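Residues per chain are reported as follows:
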Amino acid sequence: MECRSACGACCIAPSIHSPIPGMPHGKPAGMPCVQLDEQLRCRLFGRPERPAFCASLRPSPSMCGDDRASALAGLAELERLTCPDAR
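Throughout this document, residue positions are counted from 1 along each chain, in the order its sequence is written. The predicted nature of this model means local features are confined to residues of pLDDT at least 70 and side-chain atom pairs, given and counted, to a pLDDT of 80 or more, with totals for whole chains, interfaces and linings taken over all residues. Only hydrogens and water are set aside when side-chain values are computed; all heavy atoms of the structure are taken into account.

Draft legend 1. Highlighting the overall build of the chain. Under the scheme used here, helices are H or I runs from DSSP no shorter than 4 residues and strands are E runs no shorter than 2 residues, and both carry numbers assigned from the N terminus. Scanning the chain from terminus to terminus reveals three helices and zero strands. Starting at the N terminus and ending at the C terminus, the chain contains elements arranged as α-α-α. Computed over its C-alpha atoms, the radius of gyration of the chain comes to 12 Å, within 12% of the 12 Å expected for a compact globule of 87 residues. Referenced to the eigenvectors of the C-alpha coordinate spread, the extents of the chain come out at roughly 30 × 30 × 20 Å. Values of the radius of gyration come from C-alpha atoms, whereas the globule rule sets the reference at 2.2 Å times the count of residues to the power 0.38.

Draft legend 2. Fine view of the confidence of the model for the chain. pLDDT measures the predictor's confidence residue by residue and takes values from 0 up to 100. Of all residues in the chain, 98% have pLDDT values of 70 or greater, and the mean over the chain is 93. Put simply, helix H2 (residues 61-64) is where the chain has its lowest mean pLDDT, 92, and helix H3 (residues 68-82) is where it has its highest, 94.

Draft legend 3. A look at the nonpolar core. Residues Cys-11, Ile-12, Ile-16, Ile-20, Met-23, Cys-33, Leu-36, Leu-44 and Cys-54 constitute the largest nonpolar core, which totals nine residues. In contact with Cys-11, not counting residues within four places along its chain, are Lys-27, Met-31, Pro-32, Cys-33 and Leu-36. Within the second largest apolar cluster, seven residues are counted, among which are Cys-7, Ala-9, Ala-71 and Leu-75. Nonpolar core, defined: a set of buried Ala, Val, Leu, Ile, Met, Phe, Trp, Tyr and Cys residues in which side-chain atoms within 4.5 Å join the residues together. Think of it in three bands: residues with accessible area under 20% of the maximum for their type are buried, residues over 50% are exposed, and the middle band is partly exposed, with areas taken using a 1.4 Å probe on protein chains only. Residues are treated as being in contact if the distance between any of their heavy atoms lies within 4.5 Å.

Draft legend 4. Seen up close, the environment of Ile-20. Mapped onto the elements of the fold, Ile-20 is located in the segment before helix H1 (52-56). Among the residues examined, Ile-20 registers a relative accessible area of 4% and is labelled buried. Sequence separation between Ile-20 and Gln-35 is 15 residues, and the spatial gap between their C-alpha atoms is 8.2 Å. Beyond its immediate sequence surroundings of up to four residues, Ile-20 is in contact with Gly-26, Lys-27, Cys-33, Gln-35, Leu-44 and Pro-51.

Draft legend 5. View of empty space enclosed by the protein. In this analysis, the protein atoms alone were mapped onto a 1 Å grid. Cavities are point sets where a 1.4 Å probe fits without being able to get out; pockets are open sets with protein on both sides within 12 Å along at least five of seven lines; lining residues have an atom within 4 Å of a point. Grid points are joined across faces, edges and corners, and a volume is the space filled by probe spheres set on the points. Per the counting criterion, the structure on display carries one cavity of 30 Å³ or more. Considered as a void within the structure, the largest cavity measures approximately 110 Å³ in volume. Forming the walls of the largest cavity are Cys-10, Cys-11, Ile-16, Ile-20, Cys-33, Gln-35, Cys-42, Leu-44, Arg-50, Pro-51, Cys-54 and Leu-57.

Draft legend 6. Inspection of the pattern of salt bridges at higher detail. For this analysis, a salt bridge means a side-chain nitrogen from Lys or Arg found within 4 Å of a carboxyl oxygen belonging to Asp or Glu. The tally for this structure, following the rule as stated, stands at three salt bridges. Of the charged contacts in the structure, one is a salt bridge between Glu-38 and Arg-43, with a shortest N-O distance of 3.6 Å. Here Arg-80 ties to Glu-77 by a salt bridge, and the two come within 2.8 Å at their closest N and O atoms. Residue Arg-80 and its partner Glu-77 are located together in helix H3, separated by three residues, close to a single helical turn. Its relative accessible area of 34% is what places Glu-77 among the partly exposed residues.

Okay, here's the thing in structure tokens:
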């Protein structure tokens, strides 16, 4: 599966706990990454400074859903379920 054009859900919904260029402390869930461009594409895609967490994400029907809204909702729910504070 290819990334959905103009989506960016995986760069918004999850928290990232490792440094990102421009976000040295990572980012909280629900906040767009500073590396997300105007077309909702990652400026670091394929570059060595891209966090390992980001590189590990692979588009799939279960992660991306049928549209951007379902991808955002599904990833937000996964974030909620895996958050240590939620247990």
